[in-house]
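# Fold and contact review
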Amino acid sequence: MKSYDGKDRESWKRTYREKRNALVAHLAKLPTDGVSRANARAVTLMRASLSDFPADGSTLSPTGKCGDSQNPGLAYDALRAALYSCFDELANNLQFEGGTVNRVSAFSLLEQIKEPQRRKKLFLAFNPLWEAINAKDQPDSPYRRMIRMTLPNNANNKSPITAAADSLGVQPADVETWLEQILDTWRQVSGDIPIEPWDYRYVAGETSRMVDQAIPRESLRTISQGYYHDLGADLNDLGVLYDLDPRLGKAPLAYTDLLRCGRMVKGAWRPAIARVSANYGRGGLSNLNELVHEEGHAVHFVAVRARPAFTYNDSLLFIEAFADVPSWSVYEPAWQQKYLGTSTSRSASLRNLYSGVMLDVAWALFEIRMLHRPAADPNAVWTEITSHYLHVVPHPEYSWWAVRVQLMDSPGYMVNYGLGAVITADIRQRIRQSLGPFETGEPRWYAWISEHLLRTGGELETAALLRQFLGRPVSPQALIDDMRRLAPSH
């Protein structure tokens, strides 16, 4: 966009700085007592969110240089920025068979390529990224320096692990226990055949291989928008905007944010405007799943009918988990048949879904263990988790854990994906109990979920909101029960 709402970028940056400076000044003057409970919560959320709105107005586009991460004297924030840039410079330019492929497309191709040796070559194409992040896994590698600095730099802020526990109304120690329980369930139901790491996605990717031809890149939005329309959420009517083409200098991860938050204007509600950003060089089920997830954020944010301070929930865990409530449906055979015209078996679809979820759970457990023991060898920690729970053949010589942007940009963030599966499964179960199946659409879905879960935004603490919605505390049981559908019958 050359301009938005009559202003170019420089004009908006000036407005941003002026508004932010005024907000900071006013927040500093607010009393800490003598205000209503709602106002006290609004102040708390606004102060906590200031870190998400930096003074310089920087965006998710990379600002550092990957090579700077090799400087042993680099400060924490500069080191994270440098490692983040590696995903633009290296992960979006993987060299494979005489061409270039980006990170997201490579994950999809690992599900498709039939020849094991070609899969291994593509897997090893990530090596420049791994070495930029973790060098040869020596104690002074960029990642190991960064993770040792993480806790001291978070000393005055709640850790992501503690924040996740608060979202669920449990103790921080329970988070690790739940992750281990989920992974152990997968270990039991997924079989016991050892899998090479370059084969992991292929073994689970039968569904993708069967249906990907029905999902060319140009159809991604059409398919996903058709599903949301059948859920009662017309994304065009909701004003959702898109930026889905790969390009140099763009944020190397998919995300959704607001161009404008919803608010009352002259006695009428002016709705939010959400924008989805991603890098899709090809179609396929995995990219479609990610797009439906990002659009899940969009319908969530637009559904909020609360004052601006409560636009976002106080829990990133909840925000990420809700976006998977619609996106998990793409792995249901009934969904595939309706929206793609072809489908695979329930067992193949479940394996495809949960193999990906388990990687997120494994990364979450990996980060918890690294934050508990920052001097630990990350390759050894990752190898222990993946070999025990995922049946992956040990390869501690490879830093193959280092393919998620969040590990560098926001250490501890992966818990919001890994543990978020618990909330996702619980919410999906509750919706089915109230409305029935929604895998092939349910026109009441959006209005009902907006009224019962989304419209209040961050007015309630997430643990209380979920307890109110579910009628009980959050539990991993719904997720574990669904995973057990994979267990072989005897």
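To be clear, the structure that these remarks concern was listed above.
Predicted model only: the values in this text are computed from it and were never measured.

Turning next to the packing of aromatic side chains. A complete count under the given rule lists 24 aromatic pairs for this structure. Measuring from ring centre to ring centre gives 6.2 Å for Phe-438 and Trp-445, while their planes differ by 35 degrees; the resulting arrangement is tilted. Overall, Trp-445 belongs to the buried group, its relative accessible area being 0%. Each residue in the set Phe-107, Phe-123, Phe-126, Trp-130, Tyr-143, Trp-198, Trp-363, Phe-366, Trp-382, Tyr-398, Trp-400 and Trp-401 is aromatic and connected to the rest through ring pairs, giving one cluster. Directly above the ring of Tyr-202 sits Arg-209, whose terminal nitrogen or CZ lies 3.8 Å from the centroid. One cation-aromatic arrangement involves Arg-404 over Tyr-417; the distance from NZ or CZ to the ring centre is 5.1 Å.

Tallying each qualifying case throughout the model produces 1 disulfide. Shown here is the disulfide that connects Cys-66 with Cys-86, its sulfur atoms set 2.0 Å apart. Taking the sign of the S-S torsion, 90 degrees for the link of Cys-66 and Cys-86, the bridge is right-handed. Taken together, the residues span a long stretch of sequence, with Cys-66 in the loop between helix H2 (37-49) and helix H3 (76-89) and Cys-86 in helix H3 at a distance of 20 residues.

Following the criterion strictly, the structure yields 24 salt bridges and no others. Arg-369 is paired through a salt bridge with Glu-180; the nearest N and O atoms lie 2.9 Å apart. Of this pair, Arg-369 sits in helix H16 (residues 346-372) while Glu-180 sits in helix H9 (residues 172-189), placing them 189 residues apart in sequence. Residue Glu-180 is classed as partly exposed on the basis of its relative accessible area, which comes to 24%. Through salt bridges with shared partners, a single network forms among Asp-243, Arg-247, Lys-250 and Arg-275.

This brings us to H3. Between its first and last C-alpha, H3 extends 20 Å over 14 residues, near the 20 Å set by a 1.5 Å rise per residue. Burial within H3 is extensive, with 10 of its 14 residues counted as buried. Looking at the packing, one finds that the buried side of H3 touches helix H4 (103-112), helix H6 (127-134), helix H7 (142-153) and helix H18 (406-409).

What follows deals with the packing of helix H14 (residues 316-327) against helix H21 (residues 445-454). Two elements in contact, H14 and H21, have axes whose closest approach is 13 Å; the angle formed by their N-to-C orientations is 160 degrees. Taken as axis vectors, H14 and H21 run roughly antiparallel relative to one another. Relative to H21, H14 is oriented so that their crossing is right-handed. Along its contact with H14, which presents Phe-318, Phe-322, Val-325 and Pro-326, the element H21 presents Trp-445, Ile-449, Leu-453 and Leu-454.

On to the sheet that holds strand S3 (residues 241-243). Strand pairing in a sheet relies on backbone hydrogen bonds, with the paired strands running either antiparallel or parallel. What the 3 strands build is an open sheet, ordered S3-S7-S4; its pairing is mixed. Edge positions in the sheet fall to S3 and strand S4 (255-260), since each of these pairs with one other strand and no more. Strand-to-strand twist of the sheet, defined as the mean angle between neighbouring strand axes without regard to direction, takes the value 25 degrees. Of the pairings in the sheet, the one linking S4 to strand S7 (residues 273-277) comprises 5 bridges and is antiparallel in character. Within S7, the position partnered with Arg-260 by the bridge is Ile-273.

Cut-offs used in this document
- Here, residues in each chain are numbered from 1, in the same order as that chain's written sequence.
- Two thresholds apply to this predicted model, a pLDDT of at least 70 for residue-level local features and 80 or more for giving and counting side-chain atom pairs, whereas whole-chain, interface and lining totals are computed over all residues.
- As a convention, hydrogens and water are excluded, and side-chain values are obtained from all of the structure's heavy atoms.
- The pairing test for Phe, Tyr and Trp rings, Trp by its six-membered ring, is centres within 6.5 Å, and the orientation test on the planes gives stacked under 30 degrees, edge-to-face over 60, and tilted for anything in between.
- Throughout this description, buried means an accessible area under 20% of the type-specific maximum (1.4 Å probe, protein chains only), exposed means over 50%, and partly exposed covers the range between.
- Placement of a charge over a ring requires the Lys NZ or Arg CZ to be within 6 Å of the ring centre, with the centre-to-atom vector within 35 degrees of the ring normal.
- In plain terms, two cysteine sulfur atoms within 2.5 Å form what is called a disulfide here.
- Each helix is a run of H or I in the DSSP string that is no shorter than four residues. Each strand is a run of E no shorter than two, and both are numbered from the N terminus.
- One side-chain nitrogen of Lys or Arg within 4 Å of one carboxyl oxygen of Asp or Glu is enough to make a salt bridge.
- Multiply 1.5 Å by the residue count of a helix minus one, and that product is the helix's expected span.
- Two residues qualify as a contact provided that any one of their heavy atoms is within 4.5 Å of a heavy atom in the partner residue.
- Axis definition: a line fit to C-alpha positions, over the contact stretch in the case of helices; interaxial angles, taken between N-to-C directions, run 0 to 180 degrees.
- Oblique is the label for any angle not covered by the other classes, which are roughly parallel (under 35 degrees), roughly antiparallel (over 145) and roughly perpendicular (65 to 115).
- Left-handed describes a crossing in which the near helix is turned anticlockwise from the far one by less than a right angle; the clockwise case is right-handed.
- One bridge is not enough; two strands pair if DSSP finds at least two bridges between them.

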